[in-house]
Amino acid sequence: MAIEAELKARVREPERLVAGLSAWAGAAGRAEVYRDVYFDRPGGELTAGGAELRVRTVTGEAGARTVLTYKGAAVDEVSGSKPETETAVADPVALRAILRGSGLVETVAFEKRCRNWELLLDGRPLLATVVEVPELAGVFLEVETPADDEAELPSALAAVRLALRRLGVADADLTTELYTDAVARARSRVRRGAQSSLRGPTAGSGSDGSR
């Protein structure tokens, strides 16, 4: 199974980064919206084991396409890079029905607003993606390249790190936080805030000096 050698970073200066990517690629980048839906067993065994099963629908100027992706547990702790297998899907509605009928459950769904650049570094193809998730603060950069196996992973990750340095991304800005975890936490905070608002002020919280 091929490995997706990938590093992800928080972006401090999005406009400068986009300009750098466009200059490198010689193009303005491909704008696309990803609609990601994740599935798991009812007991959460896939997530607990570090695996992911995702249905992604990509919409852009070229139309819409859907891809089913399975990612195994990370084989590199520092980067979080995972073995990955994916296939195109002709009928996403039927696919979701098959997954649910197989006993899997939808765990989280969210949108990513992306701009993609295809790059070359010393002959190695790279994909750089600037990402915004409406539910999360900030902008993210993902840079990835395929590795045939774990033996090739170190050199693949070295190329990704070199690309990040060329783009002015510091090691301190790297993160392995998953979007699924970040979105789940953001939604939990929203729910807690809504519940707190519904409860209103607690007894004795007035300004009359009572205790």
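Numbers given for residues are sequential positions, taken from 1 along each chain in its written order. Residues qualify for local features only when their pLDDT is at least 70, as the model is predicted, and side-chain atom pairs are given and counted only at 80 or more; totals for whole chains, interfaces and linings, by contrast, use all residues. Hydrogens and waters are ignored; side-chain quantities use all the structure's heavy atoms.

### Here we look at the environment of L127
With respect to the element layout, L127 can be found in strand β7 (residues 124–132). With a relative accessible area of 24%, L127 lands in the partly exposed category. Considering only alpha carbons, one finds L127 and L46, 81 residues apart in sequence, at a separation of 27 Å. Going along the chain from the N terminus, every DSSP run of H or I of four or more residues is numbered as a helix, and every run of E of two or more is numbered as a strand. Each residue gets one of three labels from its accessible area relative to the maximum for its type: buried under 20%, exposed over 50%, partly exposed in between, using a 1.4 Å probe on protein chains only.

### What about the confidence of the model for the protein chain?
On average, residues of the protein chain score 93 in pLDDT, and 94% of them reach the 70 mark or higher. Along the chain, pLDDT gives the predictor's confidence residue by residue, from 0 to 100. Whether two residues are in contact is decided by their heavy atoms, any of which lying within 4.5 Å being enough. Throughout residues 205–211 the model reports pLDDT below 50, and contacts reaching past four residues in sequence, or to other chains, amount to 1 contact.

### Topic: the pairing of strand β3 (residues 52–60)
Alignment of strand β2 (residues 30–40) against β3, held across 8 bridges, turns out to be antiparallel. Bridge assignment links E32 to a residue of β3, and that residue is G60. Think of it this way: DSSP has to see at least two bridges between two strands before they count as a pair. Hairpin connection from β3 to strand β4 (residues 63–71): 2 residues lie between these consecutive antiparallel strands.

### Overview of the pairing of strand β6 (residues 105–121)
Across 11 bridges, the pairing between β2 and β6 is antiparallel. Its bridge partner lying in β6, Y34 is registered against K112. For β6 and β7, the ladder comprises 9 bridges, and the chain directions are antiparallel. From the neighbouring strand, C114 faces β7, where its bridge partner is V131. Between the end of β6 and the start of β7, which pair antiparallel, lie 2 residues, with D122 showing a positive phi angle near 50°.

### A few points about the environment of A90
Its location among the elements puts A90 in the loop between β5 (82–89) and α3 (92–101). In this structure the C-alpha to C-alpha distance between A90 and W117, which are 27 residues apart in sequence, comes to 25 Å.

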